[in-house]
Amino acid sequence: MNTPIHSHPHPIGPDVAAIIKRHALATLSQQQAGTMRLSISPHVLPAGHTFNLVDTKMTVRQQAALVFVDHMPQANWGHACTYRFYDPTTGESLYQEDAIFPPNLGGETSLEVFHEPIFHVPVTHSALADYVSRPRILPTASQVLEQRYAILWTSQISNLRHVEDLEFLWRALVNVYGFSPSNIYVLCYNGTIGAVDVSGAVGNWAGNNTPYQMQVHSSATTANLQTVFNTLAAKLKPKDLLLIHTNNHGSTTGLCVDNSSVITPTQFGTMLSGLPAYRSLVVTMEQCFSGAFQGPVLAKSTATNTVFASAVSADKSSDGAAHFDPWALAWIEAIAGTTAAGAALSSPPPHNLDGMVSMKASCDWAKANDTGSDDNPQYGDKPPGCGSSIFLGITPSLPTQVGDVNRDGCAEIVVTSPWGIGILEQVGNTMAGLTLSPNGTRFGGWLLNTADNEVGPLADFDGDGEAEIFISSPWGIGILKFSGGALTCPMLQPNGTRFGGWLLNTADNTFGPASDYDGDGKAEILVTSPWGIGILKLSGSTMSCLMLQPNGTRFGGWLLETNINTLGPAADYNGDGKAEILISSPWGIGILELSGATMACPMLQPNGTRFGGWLLDTSNNNLGRAGDYNGDGKAEILISSPWGIGILELSGATMACPMLQPNGTRFGGWLLETSQNIFGPAADYDGDGKVEVLISSAWGIGILKLAGGTMSAPMMQPNGTRFGGWLLNTADNHLGTAASYEGGPVNEVLITSPWGIGILRQSGNTMIAPMMQPNGTRFGGWLLNTADNQF
Amino acid sequence: MPPTKSQEQQDFGSVLAFVLAELTDSERAMSVVYLDERIRPSGPGSIAGHEFKRDIPYVIAFIDQRPGANWMHPCRYLLIEPVSGRITTIVSDHPPLFGSLPPTWRAVWRSLGIDDWRLLPISGSPLQEEQTEENS
């Protein structure tokens, strides 16, 4: 620490201080006045007083007053600064010394600021100020069957801006998409959060001036990267996703490691080729000449679907900036939905009905919003078009955990947590716990472990009018049934079992949706794998397989390719009492229906087809929220795009579009803007036999109802509204499953927040909350905690 | 013979003049020039991995042709003989080193509109440049 001035320091007189300040200010140029901060020590420094400036010392030559000039007041120490010394009695300038550390690093020397520069403060939206910096994802206890991993890389010669990019991405992955921090391998600098243009600690993150959150795994060496690949080779499973982002310098020969070595595109491709088969690989690269990696990445990837994007082509250098790199910044903004400072994006990228941005959409947006004038962003995917169906969030979305398990006419909620499982039922203004069981419980032969059990969907698999719970794990699958106040397990089978011809393997089988595909009043469940597709039906204590077909099969005109086909939703689109399944691909869309031992395809149309006025383009169209919007006994489907929304209905061998409206349309008072609207569940909220769809935005929520060739908004309310006692805030409220929780034809919607849980019911032009309870409430024995409860 | 100036006495103004005269039109439009203000002895030398041999003492200048962009990108080094002004060019794509340049380096010229953040950091040098010329 500095030598103490002395116990009774001699103050500088106000007149002399004024002279000194005037002199100090007069020496500043106009430019310096705009950037430098001046402060004065209120006390006279004695001759011989010593400042300890980290690795150097500065001794005051004679009794003096001090003006401290900070050249870069927004920068981390050390940086340029000047000590100016003045005669404490006359104010005459004596001498000055330059340094890189201030006199008050440890608070030893008091300073009074008398000149502040003008800073450009980022504009932030108060409601979004820490949007990306505070966890806002819902807990994902049952996501263990689909892991998401990331490798974030800067070299050992990276600048701070590269590290800033990584921190932004890390926050987006963890706080927005729910990546487990332990699944993110940050290889940064020398194993710490540091950079070559920063001496000492990096200080707070430039995004919103808060401490860095990311956890560094190791230093950025080739050996460490290979070690991470080796680790992932043992971890990656067929359903998993891997994101790799490199952000640093690059040469024509490869990705910089340090000032004398690179990882070549060929080397990188070799690293990728050592991984096992998994679902999705996303590689994004900021460094110069990064486009050179596109070919090897797409060629050597062992993932079913691969996306590559880079700031520049193989022959160009990428742009930097004072903070963040322009292309990487834009891409991360696209996936985070916010600027690094927390401001809302003025023109957000298009997203799907759940609000998630695809890799293709994020890269398109980054290209359009890259401020680096010399960047020329590159993009490629394999198979072509797959990037439109790859999201960093869980897809398909988690199965519903709601159903009428006890045939009382009211839907119950299956809730899971790291502790175990429960079934909740609304009773008055609270919930009752019908049953609850901790992990380790045996339901018949099924050993409960919510750490690796995926719960749902719920459906009536045995046709008794009660919903059963489909459950899967790395061991196999089962069906749980609520019976006699407890859960039983009438069916469970391990991996390796043959259901007819279908070989069960939960490592690469994806289950759902469940629906009545054969019209016998019992639900079946669709299953897909890298091999093909099947429909499984409960049959005693095992499952039978009504239909199974390998990839390459033609269902009518539809060519089955499960790696690029997206299935769902299932609904009765033709009113025949059986469920059909919507299928889409980069080629177009179709509707499949069970037909004997195979599937028929009564409708398929390629992209470019006009459904009435709607131009089909699956690269940016989102289909979902199926339901009977017009009460004709057949299901329609909602479709959205960056242009607007529509409702499609099956019409012979094609689709008709009874409603389509562009963004900017007012549905009643609701202003449609698909880039900022998120669609909630479709259900019959008013009990008229037709479904409506919930819609939310940063403004509030509404209910849209088909009204001829447009939509009306019978309910819409802004954030801050009280629905009964529930305070609406779409920033942290999560809309869950809609169902008839209270019985009868009217559906309610489950809503959760960091505060607790509620059930909302439409009441005229607003909502009421017949049930709402805060975290900490006991529902029977179940302790409510929305931080780790999965509904 | 007039006495030879010591390194401390060397006036680098004339060296700078040689460097500025060497700039191309595109460099005048977009570049930053750094000068290592020390005279290097004749004999074998190297800069940024480029090895060479000089018969006469020389000074090194570094011209960053895309200041602020991520490395690697176009740049070049000038080896200047202080008296004669004879210049040898080495084309490169990376800086003298990553991180702060040693304090003998100084940013001596930059094109109009080049922000401070685009300059390479120089250790212990609060004022990175003494001369800024406008690009004409």
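**Structural notes on helix α1 (residues 13-22) of chain B**
Residue and element names in this part refer to chain B.
Right, on to step 1. Residues of α1 that are buried: Val-15, Leu-16, Val-19 and Leu-20. Within α1, the buried residues cover an arc of 135° as seen down the axis, which keeps them to one side.
Right, on to step 2. In the core, the buried residues of α1 are packed alongside α2 (25-29), β1 (32-40), β4 (58-64), β5 (75-80) and β7 (105-110).

**Observations regarding the nonpolar core**
The nonpolar side chains of soluble globular proteins are, as a tendency, buried together.
Right, on to step 1. Core analysis: the biggest nonpolar cluster contains 78 residues, and Leu152(A), Leu173(A), Ile184(A), Trp331(A) and Tyr34(B) have the highest contact counts within it.
Right, on to step 2. With 10 residues, the top contributor of residues to this core is helix α3 (residues 160-176) of chain A.
Right, on to step 3. Residue contacts for Leu173(A): discarding those within four places in its chain leaves Ala150(A), Leu152(A), Gly178(A), Phe179(A), Ile184(A), Leu243(A) and Leu392(A).
Right, on to step 4. Membership of the second largest hydrophobic core comes to 29 residues, among which are Val228(A), Phe268(A), Leu272(A) and Leu275(A).

**What to know about the environment of Thr721(A)**
Residues and elements named next belong to chain A.
Right, on to step 1. Here Thr-721 is to be found in the loop between β51 (710-718) and β52 (722-723).
Right, on to step 2. Considering only alpha carbons, one finds Thr-721 and Trp-475, 246 residues apart in sequence, at a separation of 47 Å.
Right, on to step 3. Look past the residues within four positions of Thr-721 in its chain and what remains in contact with it is Trp-726, Leu-727, Leu-728 and Thr-766.
Right, on to step 4. Looking at Thr-721, its side chain comes within polar contact range of the main-chain oxygen of Pro-718, at 2.6 Å.

**Notes on the packing of helix α7 (residues 326-336) of chain A against helix α8 (residues 359-369) of chain A**
All names here are of chain A.
Right, on to step 1. Interhelical geometry of α7 versus α8 gives an angle of 135° and a closest axis separation of 8 Å. Taken together, the axis directions place α7 and α8 in an arrangement best described as oblique. The crossing of α7 and α8 is right-handed. Facing α7, whose interface residues are Trp-327, Ala-330, Trp-331, Glu-333, Ala-334 and Ile-335, α8 presents Met-359, Ser-362, Cys-363, Trp-365, Ala-366 and Asn-369.
Right, on to step 2. In terms of residue class, the contact of α7 with α8 is built from nine nonpolar, two polar and one charged.

**A short note on the sheet that holds strand β16 (residues 303-310) of chain A**
All names here are of chain A.
Right, on to step 1. Here seven strands make up an open sheet; going across it, the order is β10-β9-β8-β11-β15-β16-β17 and the pairing mixed. This sheet does not close on itself; its edge strands, each paired only once, are β10 (216-218) and β17 (378-382). Ignoring which end each strand starts from, the neighbouring axes of this sheet average 20° apart.
Right, on to step 2. Pairing of strand β8 (residues 148-153) with strand β11 (residues 241-246), which is carried by six bridges, proceeds in the parallel orientation. Paired with Leu-152 across the bridge in β11 is His-245.
Right, on to step 3. Along the sheet, α3 makes contact with β8, β9 (184-187) and β11, crossing β8 at roughly 170°.
Right, on to step 4. Of the strands in this sheet, β8, β9, β10 and β11 touch helix α4 (residues 222-235), which is tilted by about 175° from β8.

**Notes on the packing of α4(A) against helix α5 (residues 265-273) of chain A**
Working note: a packed helix pair is described by the angle between its axes plus the distance between those axes.
Residue and element names in this part refer to chain A.
Right, on to step 1. Close contact between α4 and α5 brings their axes to 9 Å; oriented N to C, the two are set at 25°. As summarised for this structure, α4 and α5 are arranged roughly parallel, according to the angle between their axes. Considering how the two elements wind past one another, α4 and α5 form a crossing that is right-handed. When α4 is examined against α5, the residues Thr-222, Leu-225, Gln-226 and Phe-229 are found in contact with a partner set consisting of Gln-267, Phe-268, Met-271 and Leu-272.
Right, on to step 2. Among the residues making up the contact of α4 with α5, the classes are represented as five nonpolar, three polar and no charged.

**Details of the interface of chain B and chain A**
Interface size is commonly expressed as the accessible surface area that is lost when the partners come together.
Right, on to step 1. Chain B puts 16 residues into the contact, and the matching count from chain A is 27 residues.
Right, on to step 2. When the two sides are added together, the surface that chain B and chain A hide from each other amounts to roughly 1,600 Å², 57% of it contributed by carbon and sulfur.
Right, on to step 3. On the surface where chain B and chain A come into contact, there are two salt bridges.
Right, on to step 4. The salt bridge partner of Asp319(A) is Arg66(B), with a shortest N-O separation of 2.6 Å.
Right, on to step 5. One can count 14 residue pairs in polar contact (both at pLDDT 80 or more) joining chain B with chain A.

**Thoughts on the sheet that holds strand β39 (residues 598-606) of chain A**
Residues and elements named next belong to chain A.
Right, on to step 1. One open sheet holds the four strands; their spatial order is β36-β37-β38-β39, and the pairing between them is antiparallel. The sheet is open, and its two borders are formed by β36 (566-571) and β39, each paired with just one other strand. The sheet shows a mean angle of 25° between the axes of neighbouring strands, direction not considered.
Right, on to step 2. Sheet topology note: the strand β38 (residues 588-595)/β39 ladder contains seven bridges and is antiparallel. Residue pairing for β39: Glu-593 is matched across the bridge by Ala-600.

**Things to note about the confidence of the model for chain B**
Residues and elements named next belong to chain B.
Right, on to step 1. This prediction gives chain B a mean pLDDT of 86; 84% of its residues lie at or above 70.
Right, on to step 2. Confidence drops under a pLDDT of 50 for residues 126-136, and excluding neighbours within four residues, the segment shows 29 contacts in the predicted structure.
Right, on to step 3. Interface confidence for the predicted complex, given as ipTM, is 0.75, next to a pTM of 0.78.

**A few points about the packing of aromatic side chains**
Residues and elements named next belong to chain A.
Right, on to step 1. In this structure the tally under the stated criterion is 22 aromatic pairs over all chains.
Right, on to step 2. Ring centres of Phe-461 and Phe-470 lie 6.3 Å apart, and the angle between their planes is 45°; this geometry places the pair in the tilted category.
Right, on to step 3. Relative accessible area serves as the criterion here: at 1%, Phe-461 is assigned to the buried category.
Right, on to step 4. Between Phe-470 and Phe-511, the ring centres sit 5.0 Å apart and the planes meet at 50°, which makes this aromatic pair tilted. Taken together, the residues span a long stretch of sequence, with Phe-470 in strand β25 (residues 468-472) and Phe-511 in strand β30 (residues 510-515) at a distance of 41 residues. Of the two residues examined, Phe-470 and Phe-511, each falls in the buried class.

**Quick word on the pattern of salt bridges**
It is possible for side chains of opposite charge to pair when their charged atoms get near one another.
Right, on to step 1. Per the stated rule, a full pass over the model turns up 27 salt bridges over all chains.
Right, on to step 2. Counted as one network, the salt bridges with shared partners bring together Asp462(A), Asp464(A), Glu466(A), Glu468(A) and Lys481(A).

**Let's talk about the side chain of Arg110(B)**
All names here are of chain B.
Right, on to step 1. Within the secondary structure, Arg-110 sits in strand β7.
Right, on to step 2. Looking at Arg-110, the relative accessible area reads 9%, which means it is buried.
Right, on to step 3. A polar contact of 3.0 Å, which involves the side chain of Arg-110, links it to the backbone oxygen of Ile-114.
Right, on to step 4. Only 2.8 Å separates the side chain of Arg-110 from the side chain of Asp-116, close enough to count as a polar contact.

**Let's talk about the environment of Lys316(A)**
All names here are of chain A.
Right, on to step 1. Note that Lys-316 resides in the loop between β16 and α7.
Right, on to step 2. We classify Lys-316 as partly exposed; its relative accessible area is 28%.
Right, on to step 3. What Lys-316 contacts, discounting residues up to four positions off in sequence, is Cys-288, Phe-289, Asp-374 and Asn-376.

**Description of the confidence of the model for chain A**
Right, on to step 1. On average, residues of chain A score 90 in pLDDT, and 93% of them are at 70 or above.
Right, on to step 2. In the model, residues 135-142 of chain A has pLDDT below 50 throughout and makes 27 contacts with residues more than four positions away in sequence or in other chains.

**Observations regarding the state of the cysteines**
One way to say it: the disulfide is the covalent bond shared by the sulfur atoms of two cysteines.
Right, on to step 1. What the rule picks out here adds up to zero disulfides over all chains.
Right, on to step 2. Here Cys601(A) is not disulfide-linked; the sulfur of Cys545(A) is the nearest cysteine sulfur, at 19 Å.

The rules behind each value
- Residues numbered from 1 in each chain as written.
- Chains lettered and ligands numbered in written order.
- Predicted model: local features only at pLDDT ≥ 70, side-chain atom pairs only at ≥ 80, totals over all residues.
- Heavy atoms only, no water.
- Buried < 20%, exposed > 50% of the residue type's maximum accessible area, 1.4 Å probe, protein only.
- Helix = DSSP H or I, 4+ residues; strand = E, 2+ residues; numbered from the N terminus.
- Arc of directions from axis to C-beta.
- Contact = heavy atoms within 4.5 Å.
- Core = buried A, V, L, I, M, F, W, Y, C linked by side-chain atoms within 4.5 Å.
- Polar contact = N/O pair within 3.5 Å; in protein donor to acceptor, adjacent residues only side chain to side chain.
- Axes fitted to C-alpha atoms, helices over the stretch in contact; angles between N-to-C directions.
- Parallel < 35°, antiparallel > 145°, perpendicular 65-115°, else oblique.
- Left-handed = near helix turned anticlockwise from the far one by under 90°.
- Nonpolar A, V, L, I, M, F, W, Y, C, P; charged D, E, K, R; others polar.
- Pairing = 2+ DSSP bridges.
- Buried area = accessible area lost by both parts, 1.4 Å probe.
- Salt bridge = Lys/Arg side-chain N within 4 Å of Asp/Glu carboxyl O.
- pLDDT = per-residue confidence, 0-100.
- Phe/Tyr/Trp six-rings, centres within 6.5 Å; stacked < 30°, edge-to-face > 60°.
- Disulfide = S-S within 2.5 Å.

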